[in-house]
Amino acid sequence: MAEPEIEGTLFTGEQIKARVDELARRISDDYRGSRLLLVGILKGAFVFLAELARELDIEVEFDFMALSSYGSMTKTSGVVRILKDLDTDITGRNVVIVEDLIDTGLTLNYLLRSLEARGPESVEICALLNKRVANKVEVPIKYEGFSIPDVFVVGYGMDYAERYRNLPYIAGMKRQP
């Protein structure tokens, strides 16, 4: 069923699956023999994290954080709020942040600094989507799925006002008035 606010598919479920499989192979190779903690950023990254985790062939643990810089708007406010912090002590741990989308980079830059201050062995970023043209700060993305134009996207866990998270593909939204 076509949704009136959706403009078009950017990535099909098959394209996403192929890229997630590739990212999982790279992460598995890089962290084989170590204790890896994946930190999923809620809510948008939950589908990506689940699919990525299923493809890893190494031992992995999970924790989650919730941050907000959007609210129900389609543009970031630039103000980062931690809504849910980690339950796990990351001191001496290898951590991979799993994020759905990097827009301005401000939220992820804030999160990266916050986690690095907690004494992990390493912190890397795995992002499904990166809006390079919208980046205001450079963040070191070790595992990147796709680069996208400056459009608001939904599907595969990402939403507009809590809608469209369950779409099995990633689509762009029509410009809002």
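See the structure printed just above.
Residues numbered from 1 in each chain as written. Predicted model: local features only at pLDDT ≥ 70, side-chain atom pairs only at ≥ 80, totals over all residues. Heavy atoms only, no water.

Participant: Kindly report on the sheet that holds strand β1 (residues 6–11), identifying the contributing residues and their values.
Facilitator: With antiparallel pairing, three strands are arranged side by side in an open sheet as β1-β9-β8. In this open sheet, the two strands that pair with only one neighbour each are β1 and β8 (153–154). Two strands pair when backbone bridges link them, and β8 and strand β9 (residues 170–173) are joined in this way by two bridges, in the antiparallel orientation. Pairing of Val154 across the sheet is with Ala171, part of β9. (Pairing = 2+ DSSP bridges. Helix = DSSP H or I, 4+ residues; strand = E, 2+ residues; numbered from the N terminus.)

Participant: Please set out the pairing of β9 residue by residue, giving values where relevant.
Facilitator: Here β1 runs beside β9; their pairing, made up of four bridges, is antiparallel. The residue bridging Gly8 from the neighbouring strand is Gly172, located in β9.

Participant: Quick one: what's the story with the packing of aromatic side chains, residue by residue and with numbers?
Facilitator: Here a ring pair, both rings aromatic, is described through the centre-centre distance and the interplanar angle of the planes. Tallied over the full model, the rule gives two aromatic pairs. Ring geometry for Phe11 and Phe146: centres 3.9 Å apart, planes at 25°, overall stacked. On the criterion of sequence distance, the pair formed by Phe11 in strand β1 and Phe146 in strand β7 (residues 143–147) is long-range, its members being 135 residues apart. An identical accessibility class is assigned to Phe11 and Phe146; each is buried. (Phe/Tyr/Trp six-rings, centres within 6.5 Å; stacked < 30°, edge-to-face > 60°. Buried < 20%, exposed > 50% of the residue type's maximum accessible area, 1.4 Å probe, protein only.)

Participant: Could you give me a rundown of helix α2 (residues 46–55), with the residues and numbers involved?
Facilitator: Regarding α2, the residues found buried are Val47, Phe48, Leu49, Leu52 and Ala53. Elements in contact with the buried residues of α2: α1 (13–31), β2 (36–42), β3 (60–68), β5 (94–102) and β6 (122–130). (Contact = heavy atoms within 4.5 Å.)

Participant: Describe in detail the nonpolar core, supporting the description with residues and values.
Facilitator: The biggest cluster of nonpolar side chains holds 29 residues, and the ones touching the most others in it are Phe48, Leu52, Leu129 and Ile170. Elements supplying a minimum of two residues to this core: α1, β2, α2, β5, β6 and β7. Ranked by the residues each element gives to this core, the list is headed by α1, at six residues. Core analysis: the second largest hydrophobic core is formed by 20 residues, Val39, Val123, Val139 and Ile141 among them. (Core = buried A, V, L, I, M, F, W, Y, C linked by side-chain atoms within 4.5 Å.)

Participant: Can you explain the packing of α1 against α2? Please cite residues and give values.
Facilitator: Where α1 meets α2, the closest approach of the two axes is 8 Å, and the angle between their N-to-C directions is 55°. The angle between α1 and α2 falls in the class oblique. The interaxial crossing formed by α1 with α2 has right-handed handedness. Listed contacts from α2 to Lys17, Val20, Asp21, Leu23, Ala24 and Ile27 of α1 are Phe48, Glu51, Leu52 and Glu55. Class assignment of the residues belonging to the contact of α1 with α2 gives a composition of six nonpolar, no polar and four charged. (Axes fitted to C-alpha atoms, helices over the stretch in contact; angles between N-to-C directions. Parallel < 35°, antiparallel > 145°, perpendicular 65-115°, else oblique. Left-handed = near helix turned anticlockwise from the far one by under 90°. Nonpolar A, V, L, I, M, F, W, Y, C, P; charged D, E, K, R; others polar.)

Participant: Before we move on, can you summarise the side chain of Asp63 with the specific residues and values?
Facilitator: Residue position: Asp63 is located in strand β3. Within the structure, Asp63 has its side chain in polar contact with the backbone nitrogen of Asp87 (distance 2.7 Å). A polar atom in the side chain of Asp63 sits 2.8 Å from the backbone nitrogen of Thr88. Excluding residues within four positions of it along the chain, Asp63 makes contact with Leu37, Leu38, Val39, Gly40, Lys84, Leu86, Asp87 and Thr88. (Polar contact = N/O pair within 3.5 Å; in protein donor to acceptor, adjacent residues only side chain to side chain.)

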